[in-house]
Amino acid sequence: MKDFNYYAPTEVVFGRDSESKVGELVRKYQGTKVLVHYGGQSAERSGLLDTVFHSLESNGIDYVKLGGVVPNPRVAKVREGIALCRKEHVDFILAVGGGSVIDSAKAIAIGVPYEGDVWDFYLRKAVATTCLPVATVLTIPAAGSEMSNGSVITNDEGKLKKDYGTDMFRCKFALMNPELTFTLPPYQTACGVVDIMMHTMERYFSHEDDMEVTDGIAESILRTMKEMAFKVLHTPNDYVSRAQIMWAGSLAHNDLTGCGTVGDWSTHRLEHELSGMFDVAHGAGLASIWGSWARAVYKMRPTRFARFAVNVMGVSNNFNSPEQTALAGIEAMERFYHAIDMPISIPELIGRPATEEEILTMARICSENDSYSIGAFKALNMQDMVEIYR
Ligand code: NZQ
Ligand code: ZN
């Protein structure tokens, strides 16, 4: 079991009507002029934005608005937000939405006090030393950005999708009302479930085998997500099931399920290239690549995959070898993805096979021109990446 440092400073206010407390909380965290940042239409259509504005106004807090964040948020919108915040002397960024809006808000928050271009951070050319406070009203459980230290931004120039992480990105507070997620379409719901499970699995597939508490939490999250996915796809307004998914989304990515383990993160790395190249939903991209990753690496530690098969996927333990049990678990996971209408290959993801040129480009970017390997469960070089994409 590895030593660890667990830091999860975000104040979570969970439950019905929590969004109406936003003004009170901004005041508590000393915001005086807020940027309300949001996406396309969902927050406006549901009336959530009006609730947020009303709560800010009744607490005497001034604000400006910037909508239009798209899934796989773009650096161009981040730059627009930085300019607006400087002009309006904003001192607090409030994201009303999901991972894309929160990540865009975080990028704005480090960009405002920085003299250079914000993309420098994502290219590892600069290190953030100061950041405006960020908080969120969450509308989709998936990315876990409401408690994570990360932000993932896409630059259309070069189709690059890059992440940056700092503890300064941790939200001051996250307001989570499961009722706000009733309007999620089945596809976004399923993508969210995949992402939540994958944040858990990236940390679970580890060579550390002796952290029973962490494994127990991880397996419970994974089993619960499998069950709740079917419930909410069948009954979108099932509050209790939506609530399990929402809370799991935060626990899966606030590092709790990584205490004592070493995360792998290859599936995420490989997926970021898919999103960068094809602008697909992150969760669907993860589902499309995971089975190929798992088959490429499970022999490094078949017993770990066999444990997953039995404890999470409900596979019987009657096989002759851990390898067979492991493979049965991988197949069961792919059947689950199909059952919630998620792809298990790139052709299923984008409607056609990726070309060799596209595969090589993704592997080249991911491996930094064949100079860098990814993954801790098994290190993968550029050729391994090519084979997984194929
Ligand atoms: O734009 P609107 O109209 O709001 O529609 C959104 C969007 O189209 C819609 N939506 C959100 N809440 C809704 C709703 N529709 C109906 N009812 C609601 N209540 O859902 C669509 C997807 O939203 P998005 O924010 O893109 O989804 P998600 O939360 O999955 O975020 C994905 C992004 O997060 C990044 C991903 O790479 C991707 O860019 N990630 C961020 C991480 C982090 N910061 O820690 C970690 C993750 O691994 C991930 O990489
Ligand atoms: Zn993810």
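Above: the structure in question.
Attention in this report is confined to the structure presented alongside it. Keep in mind that this is a model prediction, so the values were computed, not measured.

Some details on the environment of F182
Here F182 shows up in the loop between β8 (173-176) and α7 (186-204). C-alpha of F182 to C-alpha of P236: the two residues are 54 residues apart in sequence and 5.5 Å apart in space.

Description of the coordination of the zinc ion (ligand 2)
Six octahedral donors at a metal ideally form angles of 90 or 180 degrees, and four tetrahedral donors ideally form angles of 109.5 degrees. All of the protein donors around the zinc ion (ligand 2) are D195 (OD), H199 (NE2), H268 (NE2) and H282 (NE2); their distances to the metal are 2.0 to 2.2 Å. Counting gaps between the donor residues of the zinc ion (ligand 2) yields the pattern D-x3-H-x68-H-x13-H. Highlighted residues: H199 in helix α7 and H268 in helix α10 (residues 266-278), separated in sequence by 69 residues.

Some details on the packing of α7 against helix α8 (residues 212-234)
Each pair of packed helices can be described by the angle between their axes along with the distance between the axes. Two elements in contact, α7 and α8, have axes whose closest approach is 10 Å; the angle formed by their N-to-C orientations is 170°. When the axes of α7 and α8 are compared, the pair comes out roughly antiparallel. Contacts from P186, T189, V193, I196, M197, T200, M201 and Y204 in α7 reach D215, A218, E219, I221, L222, M225, K226, A229, V232 and L233 in α8. Grouping the amino acids of the contact of α7 with α8 by side-chain chemistry returns 13 nonpolar, two polar and three charged.

Description of the pattern of salt bridges
Throughout the structure, instances matching the rule amount to 24 salt bridges. Between E11 and K28 there is a salt bridge; the shortest N-O distance is 2.7 Å. Placement of the pair is E11 in strand β1 (residues 11-14) and K28 in helix α1 (residues 22-28), with a sequence separation of 17 residues. We classify E11 as partly exposed; its relative accessible area is 24%. For R170, the salt bridge goes to D167, with nearest N and O atoms at 2.9 Å.

What about the packing of aromatic side chains?
All chains considered together, the criterion is met by 24 aromatic pairs. Ring centres of F205 and F377 lie 6.4 Å apart, and the angle between their planes is 80°; this geometry places the pair in the edge-to-face category. Of the two residues, F205 sits in the loop between α7 and α8 while F377 sits in the loop between α15 (356-366) and α16 (382-389), which places them 172 residues apart along the sequence. The two residues F205 and F377 agree in class, both being buried.

Observations regarding the site of ligand 1
In the vicinity of ligand 1, 32 residues are found, and the nearest of them are G40, Q41, S42, S100 and S148. For ligand 1, an oxygen atom lies 3.2 Å from a polar atom in the side chain of H253. Computed on the free molecule, ligand 1 has an accessible area of 960 Å², of which 87% lies beneath the protein chains in the complex. Tallied by class, residues from the shell around ligand 1 come to nine nonpolar, 20 polar and three charged.

So, the environment of S46
By secondary structure assignment, the location of S46 is in the loop between α2 (42-45) and α3 (48-58). As a C-alpha pair, S46 and L180 span 134 residues in sequence and 8.2 Å in three-dimensional space. From its side chain, S46 meets the backbone oxygen of A43 in a polar contact 3.3 Å long.

With respect to the environment of A309
Following the sequence through the fold, A309 ends up in helix α12 (residues 302-311). Its relative accessible area of 0% is what places A309 among the buried residues. Considered as a pair, A309 and E331 are 22 residues apart in the sequence and their alpha carbons are 9.3 Å apart.

Topic: the side chain of T139
On the secondary structure map, T139 appears in the loop between β5 (134-138) and β6 (150-155). By relative accessible area, T139 is classed as buried at 12%. When residues no more than four places from it in sequence are discounted, the contact partners of T139 are L48, G97, G98, L180, T181 and L184.

Parameters and conventions
Residues numbered from 1 in each chain as written. Chains lettered and ligands numbered in written order. Predicted model: local features only at pLDDT ≥ 70, side-chain atom pairs only at ≥ 80, totals over all residues. Heavy atoms only, no water. Helix = DSSP H or I, 4+ residues; strand = E, 2+ residues; numbered from the N terminus. Donors = N, O, S within 2.8 Å, 3.2 Å for Na, K, Ca; no water. Axes fitted to C-alpha atoms, helices over the stretch in contact; angles between N-to-C directions. Parallel < 35°, antiparallel > 145°, perpendicular 65-115°, else oblique. Contact = heavy atoms within 4.5 Å. Nonpolar A, V, L, I, M, F, W, Y, C, P; charged D, E, K, R; others polar. Salt bridge = Lys/Arg side-chain N within 4 Å of Asp/Glu carboxyl O. Buried < 20%, exposed > 50% of the residue type's maximum accessible area, 1.4 Å probe, protein only. Phe/Tyr/Trp six-rings, centres within 6.5 Å; stacked < 30°, edge-to-face > 60°. Near = heavy atom within 4 Å. Polar contact = N/O pair within 3.5 Å; in protein donor to acceptor, adjacent residues only side chain to side chain. Areas by Shrake-Rupley, 256 points an atom, 1.4 Å probe, with all protein chains shown as cover.

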